[in-house]
Number of protein chains: 2
Amino acid sequence: MTSEKTLKQFNLRITKIRIAVLDALSASPAALSYSVLQDALSAFDRTTLYRTLLTLTDHGLIHKAYEENGESYYARCFGCTGQDHHHEHLHLKCSSCGGVECLEISEELKLNLAQLPFEEINISAKGPCSSCAIQGG
Amino acid sequence: MTSEKTLKQFNLRITKIRIAVLDALSASPAALSYSVLQDALSAFDRTTLYRTLLTLTDHGLIHKAYEENGESYYARCFGCTGQDHHHEHLHLKCSSCGGVECLEISEELKLNLAQLPFEEINISAKGPCSSCAIQGG
DNA sequence: CTGTTTATGCAACATTGTTGCATTTTTAGT
DNA sequence: ACTAAAAATGCAACAATGTTGCATAAACAG
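Here's what I pulled together on the structure shown here. (Residues numbered from 1 in each chain as written. Chains lettered and ligands numbered in written order. Predicted model: local features only at pLDDT ≥ 70, side-chain atom pairs only at ≥ 80, totals over all residues. Heavy atoms only, no water.)

**Brief notes about the pattern of salt bridges**
Residue and element names in this part refer to chain B. For clarity, the threshold we go by: We count a salt bridge whenever a side-chain nitrogen from Lys or Arg sits within 4 Å of a carboxyl oxygen from Asp or Glu. Partly exposed describes any residue whose relative accessible area lies between the buried limit of under 20% and the exposed limit of over 50%, with all areas from a 1.4 Å probe on protein chains only and scaled to the type maximum.
Enumeration according to the criterion identifies 2 salt bridges over all chains in this entry. The salt bridge partner of Lys-64 is Glu-67, with a shortest N-O separation of 3.8 Å. Residue Glu-67 is classed as buried on the basis of its relative accessible area of 14%.

Right under this line is the structure:
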């Protein structure tokens, strides 16, 4: 699914920055921070990027995965609606390289979490990410 | 344990703002945001509050529980060292009143999480908090 | 009580995020 | 392809969080 088609599907106007943001987030396995997006999309105005992120979030194409050090991190949504976000993975913040990895969680843990009476559950962890664990020994 | 004694125990100088911050966080079951702390401690300079929060965090007396809407929320630490934080509870952000509640998690879930090879794990959830659930029916 | 160490307050600054408004772009209808 | 309406963009201004340097004030060891 191209970003243009995704926008059309959600009845959103097709603009350059929206395509660029969706492309960037689709290409990245991890969530991207606002400042990284801004650097990558420096051709566009700061305000426009903020409003683009808001629009895409409101319509459920992306979501704010988490905040860290006063910065928001965004990721593509797959199988979410604007109201209801189901991200049954774990955000692993690497204690070595600082990168963020999205990991699948075990079926057992999913079942455990599903029993909790909450609308939305997020798990984050700190530890060595897959690439740093290999290099570090 | 009074806040003064806690500071002495950690070899930190006893100052008014440190006592005030520890008192405020000790009295609150939920984490407090920077702005709430600032309002409560308006007699002190903004910068001093920031540095106090940093110092207390670095020495493991408090921790940054989470961030939301560009604001950090702080809570007292019990049984943590500066390096290693063990908060085996769940932060429940109430979808009704917006307050944050710290909930204990089941032993089963604790065991599940303990098997994961990570240094630190945090769980957050959205849903009605205990008081709103009662009132809401 | 005195000297040293450390914390505080102040000013200035960087960054994230928001709002209002004029201009441009997108899109639907012809 | 052209036009008009609707919406998105860029710009300026602003508010808030968080940081840094430095002079002054407070804490503590002796």
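**Things to note about the protein's contact with DNA strand D**
Test applied: The criterion for a residue being near a molecule or strand is simple. One of its heavy atoms has to lie within 4 Å of it. Two N or O atoms form a polar contact when they lie within 3.5 Å of each other; inside protein one atom must be a possible hydrogen donor and the other a possible acceptor, and for residues adjacent in sequence the pair counts only when both atoms belong to side chains. The way it works is that DSSP assigns letters per residue, a run of H or I at least four long becomes a helix, a run of E at least two long becomes a strand, and they are numbered from the N terminus. Amino acids are sorted into nonpolar (Ala, Val, Leu, Ile, Met, Phe, Trp, Tyr, Cys and Pro), charged (Asp, Glu, Lys and Arg) and polar (every other residue, Gly among them).
With respect to spatial proximity, 21 residues lie near DNA strand D, and among them Ile17(A), Arg18(A), Arg51(A), Tyr50(B) and Ser72(B) are the closest. Measuring from a sugar or linking oxygen of DNA strand D, one finds a backbone N or O atom of Gly70(B) at 3.3 Å. Residue Ser72(B) places a side-chain N or O atom 2.8 Å away from a phosphate oxygen belonging to DNA strand D. Looking at the surface near DNA strand D, the elements with two or more residues in it are α2 (16-27) and α4 (46-58) of chain A together with α3 (34-40), α4 (46-58) and β3 (71-76) of chain B. In the surface near DNA strand D, the residues fall into 5 nonpolar, 8 polar and 8 charged.

**Here we look at the sheet that holds strand β1 (residues 32-33) of chain A**
Two pairing modes exist for strands in a sheet, parallel and antiparallel, and in both the strands are linked by backbone hydrogen bonds. Residues and elements named next belong to chain A. Filter applied, for reference: The pairing criterion for strands is at least two bridges between them, as found by DSSP. Contacts are assigned to residue pairs that have any heavy atoms within 4.5 Å of one another. Lines fitted to C-alpha atoms define the axes here, with helix axes fitted over just the stretch in contact, and angles between the N-to-C directions of these axes take values from 0 to 180 degrees.
The antiparallel open sheet is built from 3 strands, whose spatial order is β1-β3-β2. The open sheet has two edge strands, β1 and β2 (62-68), and neither has a second partner. Bridge count for β1 against strand β3 (residues 71-76) is 2 bridges, and the pairing is antiparallel. Bridging across to β3, Ser-33 finds its partner in Tyr-73. Where α2 meets the sheet, it contacts β1, β2 and β3, and its direction lies at approximately 80° from that of β3.

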